[in-house]
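Remarks on the overall topology
Okay, here's what each chain looks like letter by letter:
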Amino acid sequence: MRDATHALIVIDVQNDFCPGGALAVPGGDEIVPGINALMDEFQAVILTQDWHPAGHSSFASEHGGQEPYSVVDFPYGPQVLWPDHCIQSSTGAAFHPDLRTTPAQLIIRKGFRPEIDSYSAFFENDHQTATGLDGALQSLGITQLTLVGLATDFCVNYSAVDAAKLGFGVTVRQDLCRAIDLDGSLAAAIDGMKDAGVTIQS
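Read on for an overview of the structure. (Residues numbered from 1 in each chain as written. Predicted model: local features only at pLDDT ≥ 70, side-chain atom pairs only at ≥ 80, totals over all residues. Heavy atoms only, no water.)

**Some words on the pairing of strand β2 (residues 44–50)**
- For β2, a buried count of seven out of seven residues is recorded, marking the element as mostly surrounded by other parts of the structure.
- In terms of strand pairing, strand β1 (residues 6–11) meets β2 through five bridges, oriented parallel. Pairing of Ile11 across the sheet is with Thr48, part of β2.
- In terms of handedness, the path from β1 via helix α1 (residues 32–39) over to β2 forms a crossover that is right-handed. (Buried < 20%, exposed > 50% of the residue type's maximum accessible area, 1.4 Å probe, protein only. Helix = DSSP H or I, 4+ residues; strand = E, 2+ residues; numbered from the N terminus. Pairing = 2+ DSSP bridges. Right-handed = clockwise from strand over helix to strand, strands pointing away.)

**Some remarks on the sheet that holds strand β7 (residues 169–178)**
- Strand order across the open sheet formed by six strands is β5-β2-β1-β6-β7-β8, with parallel pairing between neighbours. The strands lining the two open edges of the sheet, one partner per strand, are β5 (106–110) and β8 (199–201). Neighbour-to-neighbour, the strand axes of this sheet turn through a mean angle of 25°, independent of strand direction.
- Helix α3 (residues 152–165) contacts β1, β5, β6 (144–150) and β7 of the sheet and is inclined by roughly 165° relative to β6. (Axes fitted to C-alpha atoms, helices over the stretch in contact; angles between N-to-C directions. Contact = heavy atoms within 4.5 Å.)

**Description of the layout of surface pockets**
- By volume, the largest pocket amounts to about 320 Å³.
- In terms of lining residues, the largest pocket is bounded by 19 residues, among which Pro78, Val80, Tyr119, Phe154 and Tyr158 are the most central.
- Its residues placed into classes, the lining of the largest pocket shows 11 nonpolar, six polar and two charged. (1 Å grid on protein atoms, 1.4 Å probe; cavity = no way out; pocket = protein on both sides within 12 Å on 5 of 7 lines; lining within 4 Å. Points joined across faces, edges and corners; volume = space filled by probe spheres on them. Nonpolar A, V, L, I, M, F, W, Y, C, P; charged D, E, K, R; others polar.)

**Some remarks on empty space enclosed by the protein**
- All chains considered together, the criterion is met by one cavity of 30 Å³ or more.
- As a volume, the largest cavity reaches approximately 120 Å³.
- Phe17, Leu23, Asp50, Trp82 and Cys155 are the residues nearest the centre of the largest cavity, which is lined by 15 residues in total.
- Tallied by class, the residues present in the lining of the largest cavity amount to 10 nonpolar, three polar and two charged.

Below, the structure written as structure tokens:
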């Protein structure tokens, strides 16, 4: 009997985050078979999808002279400037073709507001604008979350920390995540998640 209070959250397993994509995470496609198999253990499966309009403010191409992966100050704090990626309705924004999407009860799209980026599945990067996922989980009676996906040190990290702050029990399956690891960001993310009370399962 699957636990109705425990949901699997699959973070941003999209073409642009997999090898060959605009913002490829090394080994990003390697986790797809394991995630597909894990879905069978959960009654509730939720997918998140980065969904940027063209010309999004977090794209380096919108900031003359700035290189991708440089950091600039936005009104809500430091923001990494990314290569153009996950543009709405593009092939890059689509889920990896091998990812099972049929079991998903809910797809949360984030990053669609032009002026603000969104790493977390729960809040945009101002940490105030909600995606609606918290309310959806509460209405389903879900209290425990397992997170998998891309990338460990950004969207998985931010989602896990926010979920813990909101009172959910959170486990991150590190074996079913992959990281970008910018200047030690992976180690910092693991430490931050543990400090927030997230269980890291390798």
